[in-house]
Amino acid sequence: MNWKRTLGVDNLSEEYRFAWDESTGFTSAKKIPDHWVPTTCGYCSVGCGIEIGVKDGHAIASRPFAAHPVNRGKLCPKGLSEHYTLESENRAQYPLLRHRGKLKRVSWDEALSVMAVRFRTTQKAYGPEALGVLSTGQLVTEEFYTLGKLVQLGFGTNNYDGNTTLCMASAVSGYKISFGSDGPPGAYEDMEIADVVLLIGANLADNHPILCQHLEANHHKTLIVADPRVSKTAMMADIHLPLKPRSDLALLNGIAHILIRYNLIDREYVEKHTVGFAELERFLDAYTPERVAELTGLRQETIFKTALLYGRAKAGFIGWTMGVNHSTIGAATVNAICNLALLTGHIGRAGASPFSITGQCNAMGTREAGFASSLPGYRKFDNAQDRADLAAIWGVDESRIPVKRGLAYPDIVEATVAKKIRALWIIATNPLVSYPNQDVLRHGLCNLDFLVVQDGYHPTPTTELADLVLPAAIWGEKEGTYTNSERRVSKVNQAVAPRGEARSDFDIFLALAEKLRCREELYPGWTTVEDAFNEWRRVSQGRLCDYSGISYALLAEHGAVQWPLTEGATPKGTSRLYADGQFQTPDGRAKLVCTDWAPFPEQPTAPYPFVLNTGRTVEHWHTRTKTREVPILERLSPRAWLEMNPRDAKKLGLRSHDSVDVVSRRGRVREVELRLTEITAPGQVFMPFHFAETNVNEVTQDAFDPISREPNYKQCAVRVERSGVNA
Ligand code: SF4
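My aim in this report is to walk through the structure given alongside it, one point at a time. (Residues numbered from 1 in each chain as written. Predicted model: local features only at pLDDT ≥ 70, side-chain atom pairs only at ≥ 80, totals over all residues. Heavy atoms only, no water.)

### A closer look at the overall build of the protein
Convention followed: Each helix corresponds to a stretch of at least 4 residues labelled H or I by DSSP, and each strand to a stretch of at least 2 residues labelled E; elements are numbered beginning at the N terminus. Burial here depends on accessible area, computed with a 1.4 Å probe over protein chains only, as a share of the maximum for the residue type. Under 20% is buried, over 50% is exposed, and the range in between is partly exposed. Should any heavy atoms of two residues lie within 4.5 Å, those residues are considered in contact. In these tables, accessible area is a Shrake-Rupley quantity obtained with a 1.4 Å probe, and a residue counts as shielded only by the protein chains included in the view. In this charge count, Lys and Arg are treated as positive and Asp and Glu as negative; neither His nor the chain ends contribute. Lys charges are placed at NZ, Arg charges at CZ, Asp charges at CG and Glu charges at CD.
For the protein, the count of helices and strands is 27 helices and 28 strands. In terms of overall dimensions, the protein has a C-alpha envelope of 75 × 65 × 60 Å along the principal axes. Per-residue burial over the protein gives 64% buried out of 727 residues. Contacts in the protein between residues at least 24 apart in sequence constitute 72% of all its contacts with a sequence separation of at least 6. Accessible surface computed for the protein: about 26700 Å², of which carbon and sulfur atoms make up 51%. Measuring between centres, the 82 positive side-chain charges of the protein sit 3 Å from its 84 negative side-chain charges.

### Description of empty space enclosed by the protein
Threshold: In the cavity and pocket records, a cavity denotes points on a 1 Å grid over the protein atoms alone where a 1.4 Å probe fits but cannot get out, a pocket denotes an open set with protein on both sides within 12 Å along at least 5 of 7 lines, and lining residues are residues with an atom within 4 Å of a point. Grid points are joined across faces, edges and corners, and a volume is the space filled by probe spheres set on the points. When residues are grouped by polarity, Ala, Val, Leu, Ile, Met, Phe, Trp, Tyr, Cys and Pro land in nonpolar, Asp, Glu, Lys and Arg in charged, and all others, Gly among them, in polar.
For the coordinates displayed, the defined rule picks out four cavities of 30 Å³ or more. Considering only enclosed or pocket space, the largest cavity measures out at about 590 Å³ in volume. Forming the boundary of the largest cavity are 34 residues, of which Q138, N163, Q360, A428 and H622 lie nearest the centre. When grouped by side-chain class, the residues that make up the lining of the largest cavity number 15 nonpolar, 14 polar and five charged. As for the second largest cavity, its lining consists of 30 residues, and the residues nearest its centre are G201, D227, G323, N613 and K714.

### As for helix α13 (residues 289-296)
Let me state the cut-off plainly: Each C-beta atom gives one direction from the helix axis, and the arc is the one those directions make.
Along α13, the residues classified as buried are P289, V292, A293, L295 and T296. Projected down its long axis, α13 carries its buried residues within an arc of 165°, all on one side. Buried residues belonging to α13 abut α10 (248-261) and α14 (300-312). In the segment just after α13, G297 is the residue with positive phi, at about 80°.

### Quick look at the side chain of N712
Position of N712 among the secondary structure elements: in the loop between β27 (684-688) and β28 (716-722). Classification of N712 by relative accessible area gives buried; the value is 0%. Not counting the four nearest positions on each side in its chain, N712 is found in contact with H326, S327, T328, P601, Q701 and A703.

### Section: the packing of aromatic side chains
The way to describe two aromatic rings as a pair is by their centre distance and the angle between their planes. This is how it is decided: Each pair of aromatic rings taken from Phe, Tyr and Trp, with Trp reduced to its six-membered ring, is defined by centres within 6.5 Å and is described as stacked if the planes are under 30 degrees apart, edge-to-face if over 60, and tilted in the remaining cases.
Applying the stated rule across the entire model yields 29 aromatic pairs. Consider the rings of F371 and W394, whose centres lie 5.9 Å apart with planes at 0°: the pair is stacked. One end of the pair, F371, is in the loop between α17 (363-369) and α18 (384-394); the other, W394, is in helix α18, with 23 residues separating them in the sequence. When the centroid spacing of 5.9 Å and the interplanar angle of 70° are considered together, the rings of Y378 and W563 count as edge-to-face.

### A few points about the sheet that holds strand β18 (residues 468-471)
Basically, it comes down to this: Between any two strands, at least two bridges found by DSSP are needed for them to pair. Simply put, an axis is a line fit to the C-alpha atoms, just over the touching stretch for a helix, and the angle between two N-to-C directions goes from 0 to 180 degrees.
Reading across the sheet, the seven strands line up as β7-β6-β18-β17-β16-β8-β9 and stay open at both edges, with mixed pairing between neighbours. In this open sheet, the two strands that pair with only one neighbour each are β7 (102-105) and β9 (160-162). This sheet shows a mean twist of 20° between the axes of neighbouring strands, independent of strand direction. Two elements, strand β8 (residues 131-135) and β9, share three bridges in a ladder whose sense is parallel. When the sheet's bridge partners are listed, L134 is paired in β9 with D161. Across the face of the sheet, helix α3 (residues 108-126) comes into contact with β6 (96-99), β8, β16 (423-427), β17 (450-455) and β18 while running at roughly 130° to β18. Across the sheet, helix α19 (residues 409-417) touches β8, β9 and β16, and the angle it forms with β9 is around 120°.

Structure (structure tokens):
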């Protein structure tokens, strides 16, 4: 108890004292740091430069890093409050081992010894593939690279994937099929240069807010937004295309049909740099404006107008995110986007790009460092030369490099259900909120003999189920690099010490390798993340994602740069790929792909009449593990909601703010606040996916893209009931 306060002699002057700060003017004295540490935002893939204010060893403020080329002195609400994530109450601080049903604190030595023994015993009993690993887009690139070696060479399993398969695997697969390699061809500045910007399934205003600056800097553009909802981004558009759910592929084929029919294509580019035109032309005959209008629900004039604008543009930019990727036809839809760019030559030039805007802060780093859907440096599992090159760099026998990828994320989950995977290591992700159809996942995780969850936070729904919890340092507590959506490599710096006994993921991987007695073989002489980065530079050398010219010293001197940057090149990096029309295919030509539209797998029926769409809100990040502990964000958006069109609500006798249940064939989400709005069209409902307490993934469908294995989060059939009526 504060006696002075009780006696009225303490007026909290220290608490509320203000002082002058050079960057912000008069402000709370508590918020003026001793020093600022430059780093990169740890939330989304925009990759904003940020500075952490440190006072007495604690992070007390965040501000934009003014010199960073991405955000130019601005941050979104998550970035501005990011320092709060470091000292939140739910941080994991000590290794915890389950004993007689309860998690008990143990030493690091015991934790890692038990982990090594249990994983090895499981592999001995059931084969190396009985161990699965699920990673994340949250680690630094150096950690992905270190982890990949540990999993594939140390443990000898390739059943390794990341939560990145839940968000951008379709973009990866699509790029590989069309261009022969992953790698977004464009840059953010293309949004400022293009005269036509077409965004498909991309609500930048909520999900990548700082990119809106780049859009707004372009005053001569026509902005077209294709989205079934009137999202905040659709509200910024010159033309909004409110297409039917999952009809984007039909729209893209319809646009391609018009471009070819009215000779709005770049025939010289097509002839010189692509294959498959004649076949595509024949295939697109079926996508007449009449049929596409029917499939999409758009008027033929609107489809024509969109096609003519894109076809006649000097530089056309197409950006997409999860609205495209979260689908059973996600990879094919990406191919259809790439088709448009190739047909018109809108690629490899200023303002012209088919551009996947990815999800997490370092999802791109996982794509490049590989080990999941490809080998490091965009090498292919099935390419003998690629395997031989890697083996030579690592000094290991070629037979240790897998000849095909292991199980993808959903297949790892299925393998836990089938008891083929018996031990699982989950790193920095929270699938018991984020995975579709939670029931299947719960079943699989409960089947395991041993579950290790390594995370910066505890408790989370996933750590609560673990046999072993390893506390990890998070953003602000460790060093490395992130790569953003435009291939820009940014330095991540440590500002404060990890909480409690938490260690960086890098240190955990090295310590585990020590227990497995493979540290010196896999990581010869390594002590710092820079050692990992320097090996990664050599591994990437000569590849599309060449980092060989990037060093920590260069990043410190010149700031963030785009790959490829070859050794000895000027430190500017490369704004665009494929400027010379040479693609990463054996003959150097990109592929025009015939991509047939198909309806989404679970159509509405009388018992389940609504199409449920899921997505995000600007205040929260993924499963809200971090942002629910940030007071300002939590106050702005404290609970989930369901958006419904007022006409549908009237038929159901529901009113705004009613408490409703959302029910699908798989489960029920109880007591969701109903919001009536014209943002969502009749027959559709929308719900954000951040909230563990009202988890939309209790009802979403575990249907997956056959190529990318990405889930179809965006559409499933549900009904909506007043809470408490039929529960
Ligand atoms: S836009 Fe993304 S990277 Fe930038 S501050 Fe916001 S969350 Fe961070």
